[in-house]
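# Remarks on the overall topology
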Amino acid sequence: QVQLVESGGGLVQTGGSLRLSCAASGSSFSINAMGWYRQAPGKQRELVASITDGGSTNYADSVKGRFTISRDNAKNTVSLQMNSLKPEDTAVYYCNANIRELGSRINYSYWGQGTQVTVSS
């Protein structure tokens, strides 16, 4: 059983910064791609940023130049540095990881419980 635990959410003013972190824990497993998604009230969950095991990154157009995703493979963590935050960034942010567990032949998409990010105007 793999668990993803997010931290770092909170309330920040427009223009401020937050850093989200996500740690994967459990028995033996390997992690492929990892990413951050968000879901605002009344909207569908959307991809914010992703990063492959090789370090290639991808960002939603709305966050390019403001957010930076990174990972530490040794620690099985992924982070999202969010700068120049806007009210429209307000959402629940979810960590996602594509993981193959010991004894499994397939990759499975795991999700964290979500962490609230609120940007006040």
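Before reading on, note that the structure itself is shown above.
Residues numbered from 1 in each chain as written. Predicted model: local features only at pLDDT ≥ 70, side-chain atom pairs only at ≥ 80, totals over all residues. Heavy atoms only, no water.

## Some details on the overall build of the protein chain
- Broken down by element type, the protein chain carries zero helices and 11 strands.
- In the protein chain, the succession of helices and strands from N to C terminus is β-β-β-β-β-β-β-β-β-β-β.
- Scaling as 2.2 N^0.38, a compact globule of 121 residues should have a C-alpha radius of gyration of about 14 Å, and the protein chain matches this with 14 Å.
- Referenced to the eigenvectors of the C-alpha coordinate spread, the extents of the protein chain come out at roughly 50 × 25 × 25 Å. (Helix = DSSP H or I, 4+ residues; strand = E, 2+ residues; numbered from the N terminus. Rg over C-alpha atoms; globule rule 2.2 N^0.38 Å.)

## Let's talk about unusual backbone geometry
- Phi at Asn76 takes a positive value of approximately 55 degrees, unusual for a residue other than glycine.
- Inspection of the secondary structure assignment puts Asn76 in the loop between β7 (67-72) and β8 (77-82).
- With relative accessibility at 25%, the residue Asn76 sits in the partly exposed group.
- Positive phi outside glycine occurs at Ser84, with the angle close to 50 degrees. (Buried < 20%, exposed > 50% of the residue type's maximum accessible area, 1.4 Å probe, protein only.)

## Considerations on the nonpolar core
- By size, the foremost hydrophobic cluster in this structure holds 32 residues, and its most contacted members are Trp36, Leu80, Met82 and Tyr93.
- Those elements that place two or more of their residues in this core are β3 (18-25), β4 (29-39), β5 (46-51), β7, β8, β9 (91-101) and β11 (115-120).
- Excluding its chain neighbours within four sequence positions, the residues that come into contact with Leu80 are Leu18, Arg19, Leu20, Trp36, Val48, Ala49, Phe67, Thr68, Ile69 and Tyr93. (Core = buried A, V, L, I, M, F, W, Y, C linked by side-chain atoms within 4.5 Å. Contact = heavy atoms within 4.5 Å.)

## Quick word on the environment of Asn73
- Examined against the element boundaries, Asn73 turns out to sit in the loop between β7 and β8.
- For the pair Asn73 and Tyr37, spaced 36 residues apart in sequence, the C-alpha separation works out to 20 Å.
- Within polar-contact distance, the side chain of Asn73 engages the side chain of Arg71 at 2.7 Å. (Polar contact = N/O pair within 3.5 Å; in protein donor to acceptor, adjacent residues only side chain to side chain.)

## A word on the side chain of Asn96
- Following the sequence through the fold, Asn96 ends up in strand β9.
- Polar side-chain contacts of Asn96 include one of 3.0 Å to the backbone oxygen of Tyr110.
- Excluding anything up to four places from it in sequence, Asn96 contacts Leu4, Ala33, Met34, Gly35, Tyr37, Ser109, Tyr110 and Trp111.

## Section: the state of the cysteines
- Evaluated as defined, the whole model comprises one disulfide.
- The side chain of Cys22 participates in a disulfide bridge whose partner is Cys95; the two sulfur atoms lie 2.1 Å from each other. The chirality of the disulfide connecting Cys22 with Cys95 is left-handed, given an S-S dihedral of about -80 degrees. Of this pair, Cys22 sits in strand β3 while Cys95 sits in strand β9, and the two are 73 residues apart along the sequence.
- Take Cys22: its relative accessible area is 1%, and that puts it in the buried class.
- With a relative accessible area of 0%, Cys95 lands in the buried category. (Disulfide = S-S within 2.5 Å.)

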